[in-house]
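The primary structure of each chain is shown beneath.
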Amino acid sequence: MPRRLRRRYVAVKVESNGEVKKEDLFYAIWNNVLRLFGEYGASQTDLRLIEYSPEDNLAVIRCSHKSLPMVKASITCVTRIGRESAALHIQLVSGTLKSLKRKLSERIKKE
Amino acid sequence: MQRSRDAALKFFIDLHLCPSLESQKETELMIRKSAELGYKAVGVPLPIKNHKDLAKKISKICDEAGLDFISRIDLEPSNATELLRNLRLLRRKVEIISVKCMSKSVARQAAKDRRVDILSFSPLDVRKRFFDSAEAELASETNASLEIDMAPLLYLQGHRRIRLISKLREEVYIAKKHDVPIIISSGACELKLLRKPGDLSSLGYLFGLDPNDAEKALSENPKAIIERNRKKLSPNYVAPGIYVIRRGKDCPDG
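Only a predicted model underlies this, so the values are computations on that prediction, with no experimental measurement involved. (Residues numbered from 1 in each chain as written. Chains lettered and ligands numbered in written order. Predicted model: local features only at pLDDT ≥ 70, side-chain atom pairs only at ≥ 80, totals over all residues. Heavy atoms only, no water.)

Participant: Mind showing me how you'd approach the interface of chain B and chain A here?
Facilitator: Reports often express the size of an interface as the amount of accessible area lost when the parts come together. On the side of chain A, 25 residues touch chain B, which itself brings 19 residues to the contact. Taken together, the two surfaces of chain B and chain A that pack against each other cover about 1,700 Å², and 56% of this comes from carbon and sulfur. Looking only at chain B, the three residues that lose the most surface to chain A are Lys-192, Arg-195 and Tyr-205 of chain B, adding up to 32% of its buried area. Between the two partners, chain B and chain A, sit one salt bridge. Glu-15 of chain A serves as the salt-bridge partner of Lys-33 of chain B, at 2.3 Å between the closest nitrogen and oxygen. Counting only elements with at least two residues in the side of chain B that touches chain A, the list comes to α2 (24-37), α7 (151-155), α8 (158-177) and α9 (197-203) of chain B. (Contact = heavy atoms within 4.5 Å. Buried area = accessible area lost by both parts, 1.4 Å probe. Salt bridge = Lys/Arg side-chain N within 4 Å of Asp/Glu carboxyl O. Helix = DSSP H or I, 4+ residues; strand = E, 2+ residues; numbered from the N terminus.)

Following this line, the structure appears as structure tokens:
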């Protein structure tokens, strides 16, 4: 057994015409994981929606280190959230929530 | 970490952006969005008729958005003779010529013709994707590339997407085996289908394209075609390997 599970935190920018609810966003990604990789694949992702800020249209998603390529492909495939058409763009990937937030704030300062 | 830093420095190209050219506003929006997403150059397919005027208009929009514009024509001939006629007419007029192969005879002719840059196949009907070993062998000799549009992977669902992914996996394997360059492009005809270069490369995972090859397919491979063709279209080009390097009175009379 590994000492601890290695995880990845993914910052995602949400683009949609309508208002996006936290649950709808999570299910949009989850449904794509299920469609693309099935229940066996989805069971390996350990997917969680950690944060969602509707003001900044920014979400933070956590997944297992090994399933990162699967989760990234699934995030890219999202074209609809709830009833509205939408697009998700991956901004950053990091190993800890702390470093993700630091990198995000550095990026915002640069812009 | 190193990879993401490298990715930020790369020259990403979306060779197949398909806005509705009738609406200038939509074209502008899509080009601006591409620039925002991190592309440095975009290729927009032009209609065969009045391609010059449209190329000027789109080039102006691209300049304003800070993008390099690549003129491109997508041929969809019904037979090999039509393909040859169109190539003769258009080759020296645009930077990229892509052939959408709807029949096997057209696919074979396109793969063995040096004037063809890109081979593309129908995303909706996988039976009409004729990229097999014989096609790849011909394409590797003429340096033609295989183009994979990502938009169908986003809008197709269920059985059709499964069949497309399975076919793409087979094509990528064959292309790698025969050293045929692969090009990944968005193929997006609406704003919501546009994705960042990194996101498109992560979709390569679905059909067995590793991240390095996927990044190459979005940057180095399209760049190589553009550089090669721009050299050929320059007034200094004479024949393969022969260029005019100096003109004017200081040249010896011979």
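Participant: Mind showing me how you'd approach the environment of Leu-233 of chain B here?
Facilitator: Residues and elements named next belong to chain B. Its location among the elements puts Leu-233 in helix α11 (residues 220-233). Look at Leu-233 and you get partly exposed, because its relative accessible area is 30%. Beyond its immediate sequence surroundings of up to four residues, Leu-233 is in contact with Arg-91, Arg-92, Val-94 and Glu-95. (Buried < 20%, exposed > 50% of the residue type's maximum accessible area, 1.4 Å probe, protein only.)

Participant: I tried to follow the sheet that holds strand β2 (residues 41-46) of chain B on my own but got confused; where do I start?
Facilitator: Working definition: the strands of a sheet are paired by backbone hydrogen bonds and lie parallel or antiparallel to each other. Residue and element names in this part refer to chain B. With respect to topology, seven strands assemble into an open sheet ordered β1-β2-β3-β4-β5-β6-β7, the strand pairing being parallel. The sheet is open, and its two borders are formed by β1 (13-14) and β7 (182-185), each paired with just one other strand. In terms of strand pairing, strand β5 (residues 118-120) meets strand β6 (residues 145-149) through two bridges, oriented parallel. Bridging across to β6, Leu-119 finds its partner in Leu-146. Taken strand by strand, helix α3 (residues 51-65) contacts β2 and β3 (68-75), and its axis lies near 155 degrees from that of β2. (Pairing = 2+ DSSP bridges. Axes fitted to C-alpha atoms, helices over the stretch in contact; angles between N-to-C directions.)

Structural measurements only, silent on function.
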